[in-house]
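# Tertiary structure, described
Read off the chains here:
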Amino acid sequence: MSNWLQSLGMACLGAFERLGRASILFVQILSGLPSLFGRVSLVVYQIYSVGVLSLVIIIVSGLFVGMVLGLQGYNTLVDFGAEESLGVVVALGLVRELGPVVTALLFAGRAGSALTAEIGLMKATEQLSAMEMMAIDPIRRVLAPRFLAGVIAMPLLAAIFSAVGVIGGYFVGVGMVGVDDGAFWSQMQDAVDMYDDIYNGVIKSMVFGVVVTWIAIFEGNDAIPTSEGVSRATTRTVVYSSLAVLGLDFVLTALMFGEI
Amino acid sequence: MQNNDDIIIKVRNLSFARGNRVIFDDIDLDIKRGSVTGIMGPSGTGKTTLLRLIGGQLQPTAGTVEVDGECVQQLNRSELYRLRKRMGMLFQNGALLTDMNVFDNVAFPLREHTQLPEQIIRDLVLMKLESVGLRGARKLMPSELSGGMARRVALARAIALDPMMIMYDEPFTGQDPISMGVLVRLIRLLNDALGLTSIIVSHDIQETLSIADDVYLLSGGKVVGHGTTEELNNSKSEWAQQFLKGLPDGPVPFHYSAADYADDLLAGVDDKPAAGEAV
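Residues numbered from 1 in each chain as written. Chains lettered and ligands numbered in written order. Predicted model: local features only at pLDDT ≥ 70, side-chain atom pairs only at ≥ 80, totals over all residues. Heavy atoms only, no water.

## Quick notes on the overall build of chain B
For clarity, the cut-off: Strands are runs of DSSP state E lasting at least two residues, helices are runs of H or I lasting at least four, and both sets are numbered from the N terminus onward. Residue burial is assigned from relative accessible area. The probe radius is 1.4 Å, only protein chains are included, and a residue is buried under 20% of its type maximum, exposed over 50%, and partly exposed in between. In this description, contact between two residues means that some pair of their heavy atoms is separated by no more than 4.5 Å. Accessible surface is estimated by sampling points in the Shrake-Rupley manner with a 1.4 Å probe; for residues, cover comes only from the protein chains shown. Note that His is not counted, nor are the chain ends; the positive residues are Lys and Arg, and the negative ones are Asp and Glu. By convention, the point assigned to a charge is CZ for Arg, NZ for Lys, CD for Glu and CG for Asp.
Looking only at helices and strands, chain B has ten helices and ten strands in total. Taking the principal axes of the C-alpha coordinates as reference, chain B spans close to 70 × 50 × 40 Å. For chain B, the residues scored as buried account for 49% of the 279 residues in total. Contacts in chain B between residues at least 24 apart in sequence constitute 64% of all its contacts with a sequence separation of at least 6. Element-wise, carbon and sulfur atoms account for 52% of the exposed surface of chain B, whose accessible area totals about 13,900 Å². Positive and negative side-chain charges of chain B, numbering 28 and 36 respectively, have mean locations separated by a distance of 7 Å.

This is the structure we're talking about:
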């Protein structure tokens, strides 16, 4: 029993210690951001790496999610004779929830894991140490541009996901099951509010962008510099980011749309 | 700011521990300006740690490290970075940035620290690469280089900012005889031609002794021998003789410390290994 308590205590202490280190790194990265004003090319390259290279998976997933949403929405709405509201269901579902959340999950799997592995391997091969010895701060040169790129790329990817999803829903709803074209768009236009829906969705995706990129960068920087260490860190990035995204989504939804 | 003191690095009463494990216990070292100094000792004696302490990447538990008149531990971040611009370090595997080619790797510190026009950077990089014999390899990526070539590129990068000293971390490990010969020659040549001070951390005895002006032997957290190659070869110290001749047993025991052999065999099972972390 005392052993069990002891290991529980150690696990908790370890978790708090990691949280502390992660917070310190977060502050250090934030303080490194102003130095990027003169180094736009570094950030642009990272946006290409985490954003542009994630486009395929985001577009394909967005299309299919929108199509499924269109089909499921239609099957339910048609029972009530409300199938012309399909556009509203698809758009609200995507803009408020699925766009930011699914994009963040995909982003964690595609870009977050890559960030962790890259930074972890740079640490394992002493590239970060070598930079420090060349009097170049790895936090400013390596971590800060990646963080900023992740935070910029994530809302853009979520917007693309939602837009492509709406098109997917349109293909299925209007193209396949015969919802009226005009009703699909006009009802969507009526019901989707710029502030309540779109801005809130953008805020969500920005928060997810910060959290996922922060976790990915911290795990890479904190990885034990061996093959096993980097592989574990990569796994942790995907697991922790996914859990954080889903948990935060509830909190944000409750704050934005709930009556709590 | 150049200090005219003859001793460029002064290590005084240095102690360093990782957890309960004592790596250094009250050691003193002096590195002479313009010399090639070898720091030798068995694996795991903290030779690389010593370089990291000199470079300010680690903080000692006690004692001081003074580089060119400045106490490394008392410098703030920007002062430490200013000092590091004058220190080159060659890491064991080269530590080249893998997303850049050879040219860009050598140009990296110049581009980060200077505002020189690209044409001058090109000339400087080609000069540095020429001095390590790899001007023709400037378009190759680090993954296309052999281990020896990677270290030479890293050496060119380390001298890019014309430092006052270079620290070599195990430069000869895993090299074929030709690369080894090239590196040995380069270290001495660059030291003398560029007026550097070189510190070589190594356990390759012959290579290090062949170029070192001064050698420190470390073991068990202490300096156990110090002198020129000749002095060490003639040393009466049992430890120095064991290390220099590569004897399997002596003051450094063959066996890692353990419980009595017979007791251990009769004890049955060991403690269970720790379970893997589940995430």
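Back to the text.
## Section: the overall build of chain A
A count of helical and extended segments in chain A gives nine helices and zero strands. Reading the helices (α) and strands (β) of chain A from amino to carboxyl end gives α-α-α-α-α-α-α-α-α. Viewed in the frame of its principal axes, chain A has a C-alpha envelope of about 65 × 55 × 30 Å. In the structure as shown, chain A presents an accessible area of about 12,300 Å², 70% of it carried by carbon and sulfur atoms. Taking the average location of the 12 positive side-chain charges in chain A and that of its 20 negative ones, the two points are 18 Å from each other.

## A closer look at the interface of chain A and chain B
Formally: Accessible area that two parts lose when put together, evaluated with a 1.4 Å probe and summed over both, is termed the buried area. Any carboxyl oxygen of Asp or Glu within 4 Å of a side-chain nitrogen of Lys or Arg constitutes a salt bridge here. What qualifies as a polar contact is a pair of N or O atoms within 3.5 Å, subject to a donor-acceptor requirement within protein and to the restriction that residues adjacent in sequence count only when both atoms come from side chains. Three categories are distinguished: nonpolar for Ala, Val, Leu, Ile, Met, Phe, Trp, Tyr, Cys and Pro, charged for Asp, Glu, Lys and Arg, and polar for the others, with Gly belonging to the last.
Residue-level contacts link 21 residues of chain A with 26 residues of chain B. Sorting the residues of chain A by area buried against chain B places Glu126, Met133 and Met134 of chain A first, and these three jointly supply 32% of that buried surface. Between chain A and chain B we count four salt bridges in total. Among the salt bridges present, the one from Glu126 of chain A reaches Arg52 of chain B, with a minimum N-O distance of 3.1 Å. Applying the counting criterion to the chain A and chain B interface returns eleven residue pairs in polar contact (both at pLDDT 80 or more). Elements supplying a minimum of two residues to the side of chain A that touches chain B: helix 5 (127-133), helix 6 (138-176) and helix 9 (227-256) of chain A. A total of six residues in the side of chain A that touches chain B trace back to one element, the largest contributor, which is helix 5 of chain A. Looking at the side of chain A that touches chain B residue by residue, the classes come out as ten nonpolar, four polar and seven charged.

## Details of the sheet that holds strand 2 (residues 21-32) of chain B
Residues and elements named next belong to chain B. To keep it simple, the criterion reads: Two strands are said to pair when DSSP picks up at least two bridges between them.
Taken together, four strands build an open sheet; the order of strands is 2-1-4-5 and the sheet is antiparallel. Each edge of the open sheet carries a strand with a single partner, namely strand 2 and strand 5 (70-71). Sheet analysis places strand 4 (residues 62-67) next to strand 5, joined by two bridges and oriented antiparallel. The residue bridging Glu66 from the neighbouring strand is Cys71, located in strand 5.

## Side note on the packing of aromatic side chains
Residues and elements named next belong to chain A. For the record, the criterion: For Phe, Tyr and Trp, where Trp contributes only its six-membered ring, two rings pair if their centres lie within 6.5 Å, and the inter-plane angle classes them as stacked under 30 degrees, edge-to-face over 60, or tilted in between.
Scanning all chains against the criterion turns up six aromatic pairs over all chains. Ring plane angle 85° and centroid distance 5.1 Å describe the contact between Phe184 and Trp185, whose orientation is recorded as edge-to-face. Of the residues examined, Phe184 reaches a relative accessible area of 0% and is grouped as buried. Each member of the aromatic cluster is reached from another via a ring pair, and the members are Phe26, Phe147 and Trp214.

## Considering the pattern of salt bridges
Residues and elements named next belong to chain B. Throughout the structure, instances matching the rule amount to 28 salt bridges over all chains. Across the pair Lys32 and Asp214 runs a salt bridge, and its minimum N-O distance is 4.0 Å. Within this pair, whereas Lys32 is found in strand 2, its partner Asp214 is found in strand 9 (residues 214-219), the two being separated by 182 residues in sequence. In this structure Asp214 comes out as buried when scored by relative accessible area, which is 7%. The residue Arg188 makes a salt bridge to Asp192 at a minimum N-O spacing of 3.1 Å. Of this pair, Arg188 and Asp192 are both found in helix 6 (residues 177-193), four residues apart, which corresponds to roughly one turn of the helix.

## Some points on the environment of Phe16 of chain B
Its place among the elements puts Phe16 of chain B in strand 1 (residues 7-18). Beyond its immediate sequence surroundings of up to four residues, Phe16 of chain B is in contact with Arg21, Val22, Ile23, Phe24, Thr49, Leu53, Leu58, Gln59, Pro60 and Thr61 of chain B.

## Describing the sheet that holds strand 10 (residues 222-227) of chain B
All names here are of chain B. Rules: Comment: axis = line fitted to C-alpha atoms, over the contacting stretch for helices; angle = value between 0 and 180 degrees taken between N-to-C directions.
Pairing is mixed across the open sheet formed by six strands, whose spatial order is 6-7-8-3-9-10. Both outer strands of the open sheet, strand 6 (87-90) and strand 10, are each paired with one neighbouring strand and no more. For this sheet, the mean inter-axis angle between neighbouring strands, taken without regard to orientation, is 15°. The pairing of strand 3 (residues 36-40) with strand 8 (residues 197-202) spans five bridges and is parallel. Bridging from a neighbouring strand, Met40 pairs with Ser202 of strand 8. The strands touched by helix 9 (residues 238-245) are strand 3, strand 9 and strand 10; relative to strand 9, the strand with the most contacts, the crossing angle is about 100°.

## Some thoughts on helix 3 (residues 55-77) of chain A
Residue and element names in this part refer to chain A. Operational definition: In a helix, the anticipated span is given by 1.5 Å times the number of residues less one.
Over its 23 residues, helix 3 extends 32 Å from the first C-alpha to the last, a length consistent with the 33 Å expected when each residue adds 1.5 Å. Buried residues of helix 3: Ile58, Ser61, Gly62, Gly66, Leu69, Gly70, Gly73, Tyr74 and Leu77, and no others. Where helix 3 is buried, its residues meet helix 4 (86-124) and helix 6.

## Considering helix 4 (residues 118-131) of chain B
Compared with an ideal rise of 1.5 Å per residue, which puts 14 residues at 20 Å, helix 4 of chain B spans 20 Å between its outermost C-alpha atoms and is within 8% of the ideal. One or two residues past the end of helix 4 of chain B sits Gly133 of chain B, with phi positive at roughly 80°.

## What about the environment of Trp185 of chain A?
All names here are of chain A. Within the secondary structure, Trp185 sits in helix 7 (residues 181-191). Given the relative accessible area of 35%, Trp185 is considered partly exposed. For the pair Trp185 and Leu86, spaced 99 residues apart in the sequence, the C-alpha separation amounts to 9.2 Å. When near neighbours in sequence (up to four residues on either side) are disregarded, Trp185 contacts Val166 and Tyr170.

## What about the nonpolar core?
Residue and element names in this part refer to chain B. Threshold: Nonpolar cores are built from buried Ala, Val, Leu, Ile, Met, Phe, Trp, Tyr and Cys residues. Side-chain atoms within 4.5 Å join them into one set.
Counting residues in each nonpolar core, the largest one holds 91 residues, and the members touching the most others are Ile54 and Val67. Discounting chain neighbours no more than four positions away, the residues touching Ile54 are Ile9, Val65, Val67, Val72, Met87, Met165, Met167 and Ile199. Counting residues in each nonpolar core, the second largest holds 36 residues, with Val102, Ala156, Ala160 and Tyr168 among its members.

## Describing the pairing of strand 4 of chain B
Residues and elements named next belong to chain B. Two elements, strand 1 and strand 4, share five bridges in a ladder whose sense is antiparallel. In the strand pairing of strand 4, Ile9 is matched with Val67. Remark: two residues form the turn of the hairpin made by strand 4 and strand 5, two consecutive strands paired antiparallel; Asp68 in that turn has positive phi of roughly 50°.

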